[in-house]
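Chain and residue survey
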Amino acid sequence: MVLQIYNTLTRKKEIFTPLKNNLVGLYTCGPTVYHYAHIGNLRTYIFEDILKRVLLYNKFKVKHVMNITNVGHLTSDSDTGEDKMEKGAKREGKSVWQIADFYTKAFMEDIKKLNIIKANIFCKATDYIKEQIELITKLEKKGFTYIIEDGVYFDTSKLKDYGKLAKLDIEGLKAGTRVEFVKGKKNITDFALWKFSPKDKKRQMEWDSPCGKGFPGWHIECSAMSMKFLGETFDIHCGGIDHIPVHHTNEIAQSETATGKKFVNYWMHGEFLNLEKEKMAKSGENFITLSTLEKRDFDPLAYRFFCLSAHYRSSLNFSFEALESAKNGFEKLKNKIWEIKKEKDKVKKEIKEKYREEFLKLINNNLDMPGALALLWDLIKEKEISGKSKLDLILDFDKIFGLNLKDIKEEKIPKEILNLVKQREKARQERNFAESDKLRKLIQEKGYTIEDTKGKPIVKKGV
Ligand code: AMP
Ligand code: ZN
């Protein structure tokens, strides 16, 4: 069955065909390690993980490269503002290297908790300065750069198709007024390839280069490292939608100018996670991390489950109420699986095949995760399959969902809850229904549900 994915470059869903037979080159823009990742960033990494799992499920081999930005990313996309790393170091009274190290580790812990498969190669920008300088030199030789007081810039007016990914309205941008502008920059869309160190100050991160001491601009690392590991043209490049107009547009400009070849065949972008009406930010109250969720008793995988409920090309609104309901859905799913584990094995081959086919159709239709989840619930309810056969199929689906369903354990119900259940049973037998209702509500508030059966009542985690 063919895999279809949406390509931002063409604005179309296309059949995916890798360059090399069966091997897919995948590059995903990684974190800027000056702070913890927020749950918006994590949504994008989860989308990329689903993509990778779908590729693997389709029996492709995947070479996945992710960069770690530890230099050169300024607080504004227009080459002005502070260096994010230096800002982080100042905030915590540490060196930039310590900051980078600490937040890289934190990032690795987050992705592990979210059951995200690690990239084959994680590359730090500072380990590939030589490659970045070489790329800049190539662009200089081809006459696409100019030097101003602040650094070496790429002249976007020399490129006929600049902005093709974002379908940028260059004339409209020129007319735009509120964009910060660097002194001496020729065109509003020009961007820094190399920034000079200030003359009166030593930076913590700076390198010698043929054009002067300084540090790389943010975009050049992704061009240099992706081409180093995946070749001058490769298959898929991903990130969040915010990267379309600036970061990825500039990666294309640099790479294609340097090589004269198409840089990437398929560009895929994840929509944003939004806080109700507000922007997710790396500062202030809107800065929600995985630890924030854990502190409020949410399992990181419940957050993954929450992300699966929306298609990656739809924006998703976050609220703790919405996460709570995803958590309950996830608990219900785990309970159902536990019940299936105890069932007798029964299977109708053609029904099992029908589920497999339908599942593949959904995931290969541009990663339709909400559709795939709905199919999982249908399968759970399916009467023609039960026990081990049903479980095998669910675990096969979980290769994509990544919810660790094979490891679920039966929840131990705390003594406090069991006591409340006992009290409620007693009230019921005494036909004191007001009291029994009150107790049922109390049990529910504590996150458990009672199902009354003919024999003993069954109590389960989740409401
Ligand atoms: P950064 O660390 O800022 O470079 O961002 C890491 C990744 O998260 C990039 O792919 C961004 O496009 C993505 N991203 C940033 N904010 C959000 C958000 N609110 N929702 C989803 N993805 C985001
Ligand atoms: Zn990037």
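Residues numbered from 1 in each chain as written. Chains lettered and ligands numbered in written order. Predicted model: local features only at pLDDT ≥ 70, side-chain atom pairs only at ≥ 80, totals over all residues. Heavy atoms only, no water.

Overview of the overall build of the protein chain
- What the protein chain contains, in helices and strands, is 15 helices and 15 strands.
- On the principal axes, the C-alpha backbone points of the protein chain span a range of 85 × 50 × 40 Å.
- If you take every contact in the protein chain between residues at least 6 apart in sequence, the share linking residues at least 24 apart comes to 75%.
- Only carbon and sulfur atoms are counted for the fraction: they give 51% of the accessible area of the protein chain, which is about 22,500 Å². (Helix = DSSP H or I, 4+ residues; strand = E, 2+ residues; numbered from the N terminus. Contact = heavy atoms within 4.5 Å. Areas by Shrake-Rupley, 256 points an atom, 1.4 Å probe, with all protein chains shown as cover.)

Structural notes on the sheet that holds strand β9 (residues 214-216)
- Pairing within the open sheet is antiparallel, and its 4 strands lie in the order β6-β7-β8-β9. Of all the strands in the sheet, just β6 (145-148) and β9 have a single pairing partner and so form its edges. On average, each strand axis in the sheet is tilted by 25° relative to the strand beside it, whichever way the strands run.
- Along the sheet, helix α7 (residues 244-259) makes contact with β7 (151-154) and β8 (191-196), crossing β8 at roughly 85°. (Pairing = 2+ DSSP bridges. Axes fitted to C-alpha atoms, helices over the stretch in contact; angles between N-to-C directions.)

What about the domain arrangement of the protein chain?
- In terms of domains, the protein chain is made up of domain 1 (4-270), domain 2 (284-407) and domain 3 (415-461).
- With centres defined by C-alpha atoms, the gap from domain 1 to domain 3 works out at 56 Å. (Domains from an automatic or database assignment.)

Digging into unusual backbone geometry
- Of note, N366 is a non-glycine position whose phi angle comes to about 55°, a positive value.
- Its place among the elements puts N366 in the loop between α11 (349-364) and α12 (369-381).
- Phi at R431 takes a positive value of approximately 55°, unusual for a residue other than glycine.
- Mapped onto the secondary structure, R431 falls in the loop between α14 (415-429) and α15 (433-445).

Side note on the packing of helix α9 (residues 300-308) against helix α10 (residues 320-342)
- In contact at an axis separation of 9 Å, α9 and α10 are set at 100° when each is read in the N-to-C sense. As far as their axial angle goes, α10 and α9 are roughly perpendicular. On the side of α9, the interface is formed by L301, A302, Y303, F305 and F306, while α10 contributes A322, L323, A326, K327, G329, F330 and L333.
- For the contact of α9 with α10, the class distribution of residues is 10 nonpolar, 1 polar and 1 charged. (Parallel < 35°, antiparallel > 145°, perpendicular 65-115°, else oblique. Nonpolar A, V, L, I, M, F, W, Y, C, P; charged D, E, K, R; others polar.)

Section: the pairing of β7
- Looking at chain direction, β6 and β7 are connected through 4 bridges and run antiparallel. Bridge pairing in β7 links T145 to F154.
- Of the pairings in the sheet, the one linking β7 to β8 comprises 4 bridges and is antiparallel in character. By the bridge assignment, G151 is partnered in β8 with K195.

A word on the pattern of salt bridges
- Under the defined criterion, the tally for this structure stands at 30 salt bridges.
- The partner of E232 in a salt bridge is K261, with the nearest N and O atoms 2.6 Å apart. Of the two residues, E232 sits in the loop between α6 (218-230) and β10 (234-240) while K261 sits in the loop between α7 and β11 (264-270), which places them 29 residues apart along the sequence.
- In this structure, the salt-bridge partner of E425 is R428, at a minimum N-O distance of 3.1 Å. Taken as a pair, E425 and R428 lie in helix α14 at a separation of 3 residues, close to a single helical turn.
- Judged by relative accessible area, which is 27%, R428 ranks as partly exposed. (Salt bridge = Lys/Arg side-chain N within 4 Å of Asp/Glu carboxyl O. Buried < 20%, exposed > 50% of the residue type's maximum accessible area, 1.4 Å probe, protein only.)

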